[in-house]
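Here is how the chains run, residue by residue.
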Amino acid sequence: KRLDYKEIENWILNRLPFYQNSGSVAYKPGLDNINKFINELNLSNSQLKFIHVGGTNGKGSTCSYISSILQESNFKVGTFTSPHYFDFRERIKINNNKIEKSFISSFIIENKILIENLGLSFFEVSFGLCLSYFEKHKVDYAIIEVGLGGRLDATNIISPLVSVITNISYDHTEILGDTLELIATEKAGIIKEKSKLVVGEKNEITNEIFINVCKEKLTEITFVPDISKDIIYSDIEYLNKNIHTSIQACKSLNLNALNDKVIQRGIDNVKINTGLFGRWSLIEDNPMIIFDSAHNESGFKSLANQISKMTYNKIYVLLSFVKGKKIKDLIRHLPEDSNIYFTSLKIERSMDLEEINLNFTESIKFDVNSKRIFNKIKTEASKDDLILITGSNYIAKEIFNEN
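Nothing here was measured: the structure is a model prediction, and the numbers come from that model.

The rules we used
- Residues numbered from 1 in each chain as written.
- Predicted model: local features only at pLDDT ≥ 70, side-chain atom pairs only at ≥ 80, totals over all residues.
- Heavy atoms only, no water.
- Helix = DSSP H or I, 4+ residues; strand = E, 2+ residues; numbered from the N terminus.
- Pairing = 2+ DSSP bridges.
- Axes fitted to C-alpha atoms, helices over the stretch in contact; angles between N-to-C directions.
- Contact = heavy atoms within 4.5 Å.
- Buried < 20%, exposed > 50% of the residue type's maximum accessible area, 1.4 Å probe, protein only.
- 1 Å grid on protein atoms, 1.4 Å probe; cavity = no way out; pocket = protein on both sides within 12 Å on 5 of 7 lines; lining within 4 Å.
- Points joined across faces, edges and corners; volume = space filled by probe spheres on them.
- Parallel < 35°, antiparallel > 145°, perpendicular 65-115°, else oblique.
- Left-handed = near helix turned anticlockwise from the far one by under 90°.

A separate point is the environment of leucine 13. Tracing the sequence through the fold places leucine 13 in helix 1 (residues 5-13). Separated by 11 residues in sequence, leucine 13 and arginine 2 place their C-alpha atoms 18 Å apart.

Structure below.
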């Protein structure tokens, strides 16, 4: 019997171990498998023009802004990003159109045996799928977000025109190392010979690492803070930083069509052009409900900074985390008068009440059912309050998805 799309999607999502469900066990570093896959798919001498985006935070929104600016310059733009919020197909888009179910189905049916023989991971399958889709549709530019780290990430088989490293902070330390130098060295693995590197943030500890790798590879390096003008494109400070990085990445492509007007349109139309979501996203007004996918310490610092600019009466924060997060270090950045609630996620690696209790000593308001606790907060809050939902991207689907 022919598999229907839902079965095929589940088959992809269950190419275990899948990082999202099982954590570091699923991290299969190394490029041998993906190289074999790409050769078998006849994609190894692809003529696609790549932009490679790595870093700790801000990769996804940087991809979105680059895509939007390039679309406003009349290019057809592919993006490969992760994770997805509502639908696996969000990971692979051309402009703001998700990959078709029919393409995914025929790709998997055609390559299922190969995928099984190579023992490919979920992420490797997704990346092969994305390259074959972009190749078939002849995109003008393909923006590829690094999955994890850089050096050993499956996406690192590409030769991009420009690589972007948004910033370096602590995340996935169990895999990438627990010092900024180690993390930066992994992320610097995406810098290619005689290309260009755009770095979004300066950091005394890591600047030298990037400068030295670029010297070795004869690659031109640009630190965005050195050249970025003080224009404020977004009142969300961390997005503003990512916008400046995106502009610089586009400028480094030396496009004729690029001018300030086009750039401004790209920034203004980012939602229409890319569906950008999960970055201080306003869900409802009165009370104001914000969703943000912050899940590490620098993400929470950015959140705290954003909250400090808001006026509200009371603040409610609904948190959900994956196992192993040092949640004390995250929560301490939230305002002291925050009314904190916890819920769990419908994935294996969800942090459960027991682990929350070990990490957070105050009395805990917890409900395993995220929709129920969210509705409870909504009934408690009055219209001048602020409700923030954060800690993980998985919660979005559980709370906001209608189906």
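Moving on: the sheet that holds strand 10 (residues 288-291). Through backbone hydrogen bonds, the strands of a sheet pair up, either in parallel or in antiparallel fashion. What the 6 strands build is an open sheet, ordered 9-10-14-11-12-13; its pairing is mixed. Edge positions in the sheet fall to strand 9 (281-284) and strand 13 (365-367), since each of these pairs with one other strand and no more. In this sheet, neighbouring strand axes are inclined to one another by 25° on average, regardless of whether the strands run parallel or antiparallel. When strand 11 (residues 315-319) meets strand 14 (residues 386-390), the two strands line up parallel, connected through 5 bridges. Across the sheet, the residue bridging to leucine 319 is threonine 390, located in strand 14. Set on the sheet, helix 14 (residues 297-307) makes contact with strand 11 and strand 14; between it and strand 14 the angle comes to about 170°. Strands strand 9, strand 10, strand 11, strand 12 (339-343), strand 13 and strand 14 of the sheet are contacted by helix 17 (residues 370-380), whose axis makes an angle of about 160° with strand 12.

This next bit is on the side chain of serine 246. You can see serine 246 is positioned in helix 11 (residues 237-251). A residue is classified by how much of its surface remains accessible, and serine 246, at 0% relative accessible area, is buried. Non-local contacts of serine 246, meaning those with residues more than four positions away in its chain, are made with Thr62, Tyr65 and Ile66.

Quick look at the pairing of strand 12 now. Most of strand 12 is tucked away, with 4 of its 5 residues classed as buried. Where strand 11 lies against strand 12, 4 bridges are found, and the strand directions are parallel. Counted as the bridge partner of tyrosine 316 is asparagine 339 from strand 12.

With that settled, the discussion passes to unusual backbone geometry. With an omega of -5°, the peptide bond running from serine 82 to proline 83 counts as cis. On the secondary structure map, proline 83 appears in the loop between strand 2 (77-80) and strand 3 (92-94). Geometrically, the link from asparagine 286 to proline 287 is a cis peptide bond, its omega value of -5° lying close to zero. Assignment of secondary structure puts proline 287 in the loop between strand 9 and strand 10.

Here we come to the environment of glycine 324. With respect to the secondary-structure elements, glycine 324 resides in the loop between strand 11 and helix 15 (327-331). Distance in space between the C-alpha atoms of glycine 324 and glutamate 237 is 28 Å, their sequence separation being 87 residues. Not counting chain neighbours up to four residues away, the residues in contact with glycine 324 comprise Met351 and Glu355.

One pass over the full model with this rule turns up 1 cavity of 30 Å³ or more. Each pocket or cavity is described by its volume, and for the largest cavity that value is around 40 Å³. Lining the largest cavity, in full, are Ile165, Asn167, Ile168, Val199, Glu201, Asn203, Thr206 and Phe210.

Where helix 4 (residues 59-72) meets helix 12 (residues 260-268), the closest approach of the two axes is 8 Å, and the angle between their N-to-C directions is 130°. Viewed along their axes, helix 4 and helix 12 adopt a mutual orientation that is oblique. Relative to helix 12, helix 4 is oriented so that their crossing is right-handed. On helix 12, the residues that touch Tyr65, Ser68, Ile69 and Glu72 of helix 4 are Val262, Ile263, Arg265, Gly266 and Ile267.

The quantities given are spatial measurements derived from coordinates; they are silent on function.
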